[in-house]
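Examining the three-dimensional arrangement
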Amino acid sequence: MKGTAGSKESSDCIITVTKQDHQEILIDSVVGAFFHDQIKLLIINTLKELKVENVKVEVIDRGALDSTIKARLITAIERMNAL
Amino acid sequence: MMRSLLFIPGNLPNMIQNAYLFDADAIIFDLEDAVLPSEKDNARNLIREFLSKNSNKKNTLNFIRINEVGGEFYKDDLELIVSDNIDAIVLPKANVSSVQTLERALSNIEKSKELQKMIHIIPIIEQATSILQVDQIASLPRVIGLILGGEDLTKDVEVKRTSEGNELLYSRSRIIMACAAYKITSIDTPYTDVYDDSGFEKDTLNAAALGMKAKCAIHPRHIEFINQAFSPTKEEIEHAYKVVEAKKNAELEGKGSFTVDGKMVDKPVVERAINVIEKAKKFNLVKDDEE
Amino acid sequence: MKNSLGRFVPAEHKPFFSSDDYKDDSRKCVSKKTKSKKVEFFSSYAEAFDYFNLKSGMTFSFHHHLRSGDGVINEVAKVIQEKKLKDIHIAPSSIFESYTELVPCIEGGNITLIHTSYMNGPVSTVVQKGLLQGELVMQTHGGRARSIESGELHIDVAFLATPTVDKLGNGYGAFGKSACGVLGYAISDLEYADKVILVTDNLVDALDQIHFSKNFVDAVIVVDKIGNPEGIVSGTTKITRDPVGLKIAKDTSILLDKLGLIKNGFSMQTGAGGTSLAVVDYVRSLMKKKNIKGRFASGGITSYYVKMLEEGLFENLYDVQCFDLDAVQSVQKNSNHIAISASKYGNPFEDSPICEQLDFVILGATEIDLDFNVNVTTDSFGRIIGGSGGHSDIAHGAFCTVIVSQLIKSRLPIIKEEVQTISTPGENVDVFVCERGIAINPIRKDLLELLAKKKIPTLTMKQLLDEAHSITGIPNKIPRSSKRIGLVEYRDGSIIDSLYQVESNV
């Protein structure tokens, strides 16, 4: 099971969420040097909030703000669950 | 009260995060035409998350254009987007029955979500049948303004859209009268040729001269001119203050009727003056003279 | 040792103290060379190398008027490799992304020292990795001219791409198949290099107008092609359509107007970026509306300024670099469009250089900090992506220096507590305009008072920084490598900052 949301436009990100047997977060961000930890924390907190466990979250980030990253993650999870 | 409404595509983070920069009185986050059918879910989440985090210091109004009533996206749009962070739903292809349906739906959602405020409705009048019902639409509860949807309407009427706007004269006039009668805001259609500045300016001034009170824009560069065109002028504001002042004096002196600049002032003139002052205050137009 | 801005300066160099420090010094000029022999003509670079016995350890200079279309620096770099010369010092006025032949020269130790005023592309990348054996010195355009005339930057051979040369050895830039307009950055090289070699692809019998006098020219190399015309006038010379950029430009033009800077007889300069050009367009509308005629516009010249000259909105253009074809044609036909040298433009020791006569300038920044220090040399990672060019020269000279930039680009705030690299000191920066407000340098009390009187709201840099952080979050600090790779030299020759190696994985 897998869901993807977002785009490669500037200020956006693409997030892919895949069901697996453990949690894993992979972040490739143009501003990773400055914001990697914040992005990771946001993803961990959002997964907790949505009670989603054991997924691989892959983020390709083009400088998205937190609210954008969260929105894309939510959509990706919804799309994964809809399959 | 508003003069300018800026459409922002609902799935573009880059535009959404800059939406408030351009001094539009209201933002219309668009879930309808600007979002592909496959991306409606993405756009809803994006707008909702943005509005929940955003501080919106300028008190810009937040409107959402949802998809049409009865379509496949309508219910999810409402369910996922209605919150205390929004001020109104902009309803495309509106008619009496669809506005009533939306009205009921909003009542239910407000209850179930325990919202602190009432969500208003701004119908878009973009079908010939809706023009014929416009008086009734304007009278419905929650409706605070009507938007003329010039592009779709001219297609429906099978007439070419021009910057002179003769083809829209009747529709504009109908909407202006209906809005004036029910004390709601008449909102003009956006000018869609973004780089035709003179056409845009002509179209805007024409709408304002007919009596429209606000106008939509699809590009931020249109906002400044729209705000100017739909603001009272310096002379109008000065006159309004004179009227209110004269009224006060007349009341003190126990006079029933009075004049300003040699002209008789009656109740509608006073009401209009109060309105102008309110608008001038709200939009920061009452400035002391420079230097 | 640290300079007055707290930046590291190696012991053997003079630390930056203040932008007016040069006023205590007097102009030093080595004598311009006198040449008695007639001009030699060659048909290949190798012939010229052999004739003049060019050897390891020499300093070669170049100008960048052909911009991304320059073929001369690449050809010379190839000959350097073929002849296995070592420890060559190069001093091009700028280095663009197409100057790829320099890369193997740097990697192979053929080139070990670089002086330039602007640098990006693959050459930046190899230098950034620490592969240049010696040092990189980033100068300003005016500072480069000063260092050449004073003998501080001694040039053995100047290879000067010249669009048209006559049979006597005079050179001209504004016609020929590789026409680039004026040749202002090369004038110091022409006058002070030991040997001057023009390289051309258009040899004519005689010239009416000249930019290079044969009296300084030792030789001419005639080749098939000195450049690629598409790259020559390729600048980013279009008005931005980005709504945020347009807003910044509009707010800037309103500010300039309220400050009373757009008045009869005024002078201005802007960069050629999309936002700067939008400012030019708004200023043009204002001038027409108010029937104002300016004295001059200067710097890199674009079609927008040419149009304003032709409309009679300016008396003159002072042109050190043509950015597009309209500018190239204008300099050829319009006597009010005047070519100036880099020295006349920005050398602190010139008598009244153009930069000192400017009422206002609009400049960009990759970063700006709480003290208004501006970085145009590196990005927020510390990677070299440009350089001062004329930035520091005109920021010092102009009455009002305005920096325009988006506050946030791809989540990165442009405003920092401290910039990675200081290109232009904050004491020369007066105004910062971004999409979320205007900040005025507190040292400009006159401007603050005027704006307060006009009821134009301003913010402090700290307020703008906090605003940016409230949107993006607070970015992590990037640790700086301890390995220095170069210096940022201020226009007076003092060192304003150092450059550091950046690991390739950021």
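1. A word on the overall build of chain B
Assigned secondary structure in chain B consists of 12 helices and 10 strands. For 291 residues, the compact-globule estimate of 2.2 N^0.38 gives 19 Å, and chain B sits close to it at 20 Å. Taken along its principal axes, the extent of the C-alpha atoms in chain B is 65 × 45 × 40 Å. Residue burial in chain B is summarised as follows: out of 291 residues, 53% are buried. On chain B, roughly 13900 Å² of surface is accessible, and the fraction owed to carbon and sulfur atoms is 51%. Of the charged side chains in chain B, 37 are positive and 47 negative; the average position of the first set lies 3 Å away from that of the second.

2. What to know about the domain arrangement of chain C
Residues and elements named next belong to chain C. Split into domains, chain C comes out as domain 1 (31–232) and domain 2 (243–478). Here domain 1 and domain 2 have C-alpha centroids that lie 30 Å from each other. Each side of the interface is counted separately: domain 1 has 32 residues, and domain 2 has 30 residues. For the pair domain 1 and domain 2, the summed buried surface comes to about 2300 Å²; carbon and sulfur atoms form 59% of the total. Applying the counting criterion to the domain 1 and domain 2 interface returns zero salt bridges. Linking domain 1 with domain 2 are 14 residue pairs in polar contact (both at pLDDT 80 or more), by the criterion used here. Mapped by element, the contributors of at least two residues to the side of domain 1 that touches domain 2 are α4 (122–128), β5 (136–138), α5 (141–149) and α6 (187–192). Element by element, the count of residues in the side of domain 1 that touches domain 2 is highest for α5, at six residues. Each residue belonging to the side of domain 1 that touches domain 2 can be placed in one class, and the counts come to 13 nonpolar, 16 polar and three charged.

3. A word on the pairing of strand β16 (residues 360–363) of chain C
Consecutive residues of a regular strand have side chains that alternate between opposite faces of the sheet. All names here are of chain C. Of the two faces of β16, the one carrying F360 and I362 and the one carrying V361 and L363 are both buried. Judged from the three bridges that link them, strand β12 (residues 267–270) and β16 form a sheet pairing that is parallel. If you follow M268 over to β16, its bridge partner there is F360. The sheet contact formed by β16 and strand β19 (residues 400–404) spans four bridges and is parallel. Each bridged residue has a counterpart across the sheet, and for V361 the counterpart in β19 is T401.

4. Comments concerning the interface of chain B and chain C
Of the residues lining the interface, 13 residues belong to chain B; the matching set on chain C comes to 13 residues. Taking both sides of the interface into account, the surface hidden between chain B and chain C amounts to around 1200 Å²; carbon and sulfur atoms contribute 51%. Between K250 of chain C and E224 of chain B there is a salt bridge, with its nearest N and O atoms 3.2 Å apart. The interface formed by chain B and chain C contains three residue pairs in polar contact (both at pLDDT 80 or more). Residues belonging to the side of chain B that touches chain C are distributed by class as follows: four nonpolar, three polar and six charged.

5. Structural notes on the sheet that holds strand β7 (residues 164–166) of chain C
All names here are of chain C. Taking strand neighbours across the sheet as the criterion, the three strands line up as β8-β7-β10 in an open arrangement whose pairing is mixed. Each of the sheet's edge strands pairs with one partner strand only, and the pair in question is β8 (171–172) and β10 (203–204). Examined bridge by bridge, β7 and β10 share two bridges and lie parallel to one another. Across the sheet, the residue bridging to D166 is V204, located in β10.

6. Side note on the sheet that holds strand β14 (residues 314–322) of chain C
Two strands in a sheet stick together by hydrogen bonds in their backbones, pointing the same way (parallel) or opposite ways (antiparallel). Residues and elements named next belong to chain C. Taken in spatial order, the eight strands line up as β15-β14-β13-β12-β16-β19-β23-β24 in an open sheet, and their pairing is mixed. Whereas interior strands pair on both sides, the edge strands pair on one side only; in this sheet they are β15 (337–339) and β24 (437–440). On average, each strand axis in the sheet is inclined to that of its neighbour by 20 degrees, with strand direction left out of account. Of the strand pairs in this sheet, strand β23 (residues 431–434) and β24 are connected by four bridges, and their pairing is antiparallel. Within the sheet, the bridge partner assigned to V431 lies in β24 and is I440. Here helix α9 (residues 274–290) sits on the sheet in contact with β12, β13 (294–301), β14, β16 and β19, set at roughly 155 degrees to β12. Of the strands in this sheet, β13, β14 and β15 touch helix α11 (residues 325–333), which is tilted by about 90 degrees from β15.

7. A look at the pairing of strand β2 (residues 26–30) of chain B
All names here are of chain B. Most of β2 is tucked away: five of the five residues are buried. The side-chain alternation of β2 yields two buried faces, one formed by A26, I28 and D30 and the other by I27 and F29. The sheet contact formed by strand β1 (residues 4–9) and β2 spans five bridges and is parallel. Across the sheet, residue L6 finds its bridge partner in β2, namely I27. Note that β2 and strand β3 (residues 61–65) share five bridges and pair parallel. Bridging from a neighbouring strand, A26 pairs with L61 of β3.

8. Points about the packing of aromatic side chains
Counted according to the given criterion, the structure contains 21 aromatic pairs over all chains. For the pair Y22 of chain C and F349 of chain C, a centre-to-centre distance of 5.8 Å together with 90 degrees between the ring planes defines the contact as edge-to-face. Of this pair, Y22 of chain C sits in the segment before β1 (40–42) while F349 of chain C is found in the loop between α12 (342–346) and β16, placing the two residues 327 residues apart along the sequence. With respect to burial, Y22 of chain C and F349 of chain C carry one shared label: buried. Relative to F60 of chain C, the ring of F49 of chain C lies with its centre 5.8 Å away and its plane at 85 degrees, an arrangement referred to as edge-to-face. You can see F49 of chain C sitting in helix α1 (residues 45–51) and its partner F60 of chain C sitting in strand β2 (residues 59–62), a full 11 residues away along the chain. Pair check on accessibility: F49 of chain C and F60 of chain C agree, each one buried. Through a chain of ring-to-ring contacts, the aromatic side chains of F49, F60, F62 and F159 of chain C assemble into a single cluster. Positioned above the aromatic ring of F73 of chain B, the side-chain terminus of K40 of chain B is 5.2 Å from the ring centre. Above the ring of F399 of chain C, the side-chain terminus of R444 of chain C is found at 4.7 Å from the ring centroid.

9. Concerning the interface of chain C and chain A
Facing 13 residues of chain C, the contacting portion of chain A comprises 15 residues. With both chains or domains summed, chain C and chain A bury close to 1200 Å², and 59% of this area falls on carbon and sulfur atoms. The largest per-residue losses of area from chain C upon contact with chain A belong to S410, R411 and N476 of chain C, which jointly make up 57% of the total buried on that side. Applying the counting criterion to the chain C and chain A interface returns one salt bridge. A salt bridge links D66 of chain A to R411 of chain C, with the shortest nitrogen-to-oxygen separation between them at 3.0 Å.

10. Brief notes about the side chain of S267 of chain C
In this structure, S267 of chain C sits in strand β12. Polar contacts involving the side chain of S267 of chain C include one to the main-chain carbonyl oxygen of Q357 of chain C, which spans 2.8 Å.

11. Topic: unusual backbone geometry
All names here are of chain C. For R411, which is not glycine, the phi dihedral falls at a positive 70 degrees. On the secondary structure map, R411 appears in the loop between β20 (408–409) and β21 (412–413). Of note, the phi angle at K455 is positive, near 60 degrees, even though the residue is not glycine. Its place among the elements puts K455 in the loop between α14 (445–453) and α15 (461–472).

12. Considerations on the nonpolar core
Core analysis: the largest hydrophobic core is formed by 113 residues, its most contacted members being F29, I64, L78, V82, I89 and L146 of chain B. Examining the composition of this core, we find that seven residues originate from one element, α9 of chain C, more than from any other.

13. Here we look at the side chain of D189 of chain C
For D189 of chain C, the position within the fold is in helix α6. In contact with D189 of chain C, other than residues within four places in its own chain, are S61, F62, R144, I148, I155, A158, L160 and V196 of chain C.

14. Re the environment of C179 of chain B
Residues and elements named next belong to chain B. Inspection of the secondary structure assignment puts C179 in helix α8 (residues 169–181). C-alpha of C179 to C-alpha of K53: the two residues are 126 residues apart in sequence and 34 Å apart in space. Leaving out residues up to four positions away in the same chain, C179 has contacts with L146, I184, T185 and S186.

Scoring rules and cut-offs
Residues numbered from 1 in each chain as written. Chains lettered and ligands numbered in written order. Predicted model: local features only at pLDDT ≥ 70, side-chain atom pairs only at ≥ 80, totals over all residues. Heavy atoms only, no water. Helix = DSSP H or I, 4+ residues; strand = E, 2+ residues; numbered from the N terminus. Rg over C-alpha atoms; globule rule 2.2 N^0.38 Å. Buried < 20%, exposed > 50% of the residue type's maximum accessible area, 1.4 Å probe, protein only. Areas by Shrake-Rupley, 256 points an atom, 1.4 Å probe, with all protein chains shown as cover. Lys, Arg positive; Asp, Glu negative; His and termini not counted. Charge placed at Lys NZ, Arg CZ, Asp CG, Glu CD. Domains from an automatic or database assignment. Contact = heavy atoms within 4.5 Å. Buried area = accessible area lost by both parts, 1.4 Å probe. Salt bridge = Lys/Arg side-chain N within 4 Å of Asp/Glu carboxyl O. Polar contact = N/O pair within 3.5 Å; in protein donor to acceptor, adjacent residues only side chain to side chain. Nonpolar A, V, L, I, M, F, W, Y, C, P; charged D, E, K, R; others polar. Pairing = 2+ DSSP bridges. Axes fitted to C-alpha atoms, helices over the stretch in contact; angles between N-to-C directions. Phe/Tyr/Trp six-rings, centres within 6.5 Å; stacked < 30°, edge-to-face > 60°. Lys NZ or Arg CZ within 6 Å of the ring centre and 35° of its normal. Core = buried A, V, L, I, M, F, W, Y, C linked by side-chain atoms within 4.5 Å.

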